[in-house]
Number of protein chains: 2
Amino acid sequence: MIHLLLADDQVEYRKGLAELLAMEPDLTIVGQAENGQRAITLTGQHQPDVILMDVRMPLCNGVEATRIIHQRYPWIRILVLSTFDEDDYICQSLQFGALGYLLKSTPVPQLTDAIRVVSQGCSQLGPTIAPKVFSQLNPITETQRRAIENVLSEREREVIQLLGKGKNNKEIAQTLHLSQGTVRNHISRILSGLELRDRTQAALWAQKYL
Amino acid sequence: MIHLLLADDQVEYRKGLAELLAMEPDLTIVGQAENGQRAITLTGQHQPDVILMDVRMPLCNGVEATRIIHQRYPWIRILVLSTFDEDDYICQSLQFGALGYLLKSTPVPQLTDAIRVVSQGCSQLGPTIAPKVFSQLNPITETQRRAIENVLSEREREVIQLLGKGKNNKEIAQTLHLSQGTVRNHISRILSGLELRDRTQAALWAQKYL
DNA sequence: CTGCCGTCATGACATCTGTCACGATCTTTG
DNA sequence: CAAAGATCGTGACAGATGTCATGACGGCAG
């Protein structure tokens, strides 16, 4: 039996959804919250398995509530249900610990499936959501990996990593126990090897691909 | 009825999985591929709804096959089934169009559920996979957004965007039709406003949050 | 052994970068 | 109108950065 908590400020929508979900034999609704603050309180009281969380709510929005609840009760699964597929909401919710993100327009059978999936610890994202999220990932492509392995030496890789963290020559030299001159030589070779112009471009390259 | 294609080089595993999946009333297996090349060919011939794709395969690995198939048939849903949860595989697969990523250790009932979910266009990621993916996202937090809107002026925002692309002062000046001196003044104010030290840190900041 | 390569280092030079002081517009606000 | 702020510009200075030539040391393959 999966224990559910609903968090949504639109009363009719929430009650309607509650009725529909209660018809499923393996779902029980243990609480309903009309804002983020209440959601946090009720979560502590009822310890649900899954929370259906709206984003736009008074007092404390769904994103912030997600962050707090996930920090306090990391084992509770949060499924965000939003009217909007705004990029910021999506990314923040997921980074704050939400496991799923679906639009409110999702048909109920799909929604109940999603609840079951999420309750087992799997993530589920809606059809329009998934591409947005995945396109933001930055994997190392084979070309760039070869660039790192063939063009740069061991030392140079250490240097460019520090470069990617915004360190200047002095700091790099101290970290690696080198002279500043040596660091500058290394960077010089990195730049010509990767065909970049200056340390800023190298730093951006490092942040993107390392 | 969901049409399935299995791609895996381990014969016993693939045949076993095929038998188990064939027992589901709403699943049909329309083809089995022993490597990436065959997977691409068979996809063209049988036009499955969902492909279960292994990562490590001879001739053409699952990641590359995913890329090619998704480019050619964007409507076909690909669910990656891997023994490993290596970050690179995950990120690349998802960016190349895979909708799901599960470990082979996933129990069959969960797997069939995932197939149904993915066949409807939703994404599903395994419990160990999801956190890895979501932690790589870089949403703008409210703090940083306020930093941009309150601390930086319109012009300064234009400048820092170009900075984030690795431009030097000369290029920024030309792009915005300014003198180099003015650009340097703007950058100077950006650095103090965001409490950064030099253009490299500002560029990294821009790439992360803009 | 000898040459090659990576590593580390130095000095010198030109250029780029960041800061400061100062002044000029122009628009907005009281 | 007057004050305030954003914008643009200049000149000057110190420091950071990129490049080059040069040399030393150690390891490794032929």
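Below you will find a few notes about this structure. Just so we're clear, the structure is a prediction, and the values are computed from it rather than from any experiment. (Residues numbered from 1 in each chain as written. Chains lettered and ligands numbered in written order. Predicted model: local features only at pLDDT ≥ 70, side-chain atom pairs only at ≥ 80, totals over all residues. Heavy atoms only, no water.)

**Description of the overall build of chain A**
Of regular secondary structure, chain A possesses 11 helices and six strands. For chain A, the C-alpha radius of gyration of 24 Å lies well beyond 17 Å, the compact-globule estimate for 210 residues. By its C-alpha atoms, chain A is 70 × 30 × 25 Å across when sized along the principal axes. Sorting the 210 residues of chain A into buried and exposed places 50% on the buried side. Across chain A, every contact between residues at least 6 apart in sequence was considered, and the portion connecting residues at least 24 apart equals 63%. Counting only carbon and sulfur atoms, one obtains 49% of the accessible surface of chain A, whose full area is about 9,700 Å². (Helix = DSSP H or I, 4+ residues; strand = E, 2+ residues; numbered from the N terminus. Rg over C-alpha atoms; globule rule 2.2 N^0.38 Å. Buried < 20%, exposed > 50% of the residue type's maximum accessible area, 1.4 Å probe, protein only. Contact = heavy atoms within 4.5 Å. Areas by Shrake-Rupley, 256 points an atom, 1.4 Å probe, with all protein chains shown as cover.)

**Quick look at the interface of chain A and chain B**
Listed as interface residues are 44 residues of chain A and, on the opposing side, 46 residues of chain B. Here chain A and chain B share an interface that buries about 3,800 Å² over both sides, 53% of which is from carbon and sulfur atoms. Scanning the region where chain A abuts chain B turns up two salt bridges. In this structure, the salt-bridge partner of B:Glu171 is A:Arg197, at a minimum N-O distance of 2.9 Å. Joining chain A to chain B, the criterion identifies 10 residue pairs in polar contact (both at pLDDT 80 or more). Put simply, the parts of the chain that give the side of chain A that touches chain B at least two residues each are α4 (87–95), α5 (108–119), β6 (123–125), α6 (129–134), α7 (142–151) and α11 (199–209) of chain A. (Buried area = accessible area lost by both parts, 1.4 Å probe. Salt bridge = Lys/Arg side-chain N within 4 Å of Asp/Glu carboxyl O. Polar contact = N/O pair within 3.5 Å; in protein donor to acceptor, adjacent residues only side chain to side chain.)

**Here's the deal with the protein's contact with DNA strand D**
What surrounds DNA strand D is a group of 19 residues, the closest being A:Arg184, A:Ser188, A:Arg199, B:Ser153 and B:Arg155. Protein-proximal atoms of DNA strand D, defined as those within 4 Å of the protein, fall in sugar or phosphate at a share of 60%. One nitrogen or oxygen atom from the side chain of B:Asn185 is found 3.1 Å from a base oxygen belonging to DNA strand D. Among the elements of the structure, α10 (180–194) of chain A together with α8 (154–163) and α10 (180–194) of chain B are those that each provide at least two residues to the surface near DNA strand D. Tallied by class, the residues present in the surface near DNA strand D amount to three nonpolar, 10 polar and six charged. (Near = heavy atom within 4 Å. Nonpolar A, V, L, I, M, F, W, Y, C, P; charged D, E, K, R; others polar.)

**Side note on the environment of B:His70**
All names here are of chain B. Checked against the element boundaries, histidine 70 lands in helix α3 (residues 62–72). For histidine 70, a relative accessible area of 28% corresponds to the partly exposed category. Through-space distance from the C-alpha of histidine 70 to that of glutamine 110 is 24 Å; in sequence the pair is 40 residues apart. In this structure histidine 70 touches Ile78, Phe96 and Gly97, once residues within four positions along its chain are discounted.

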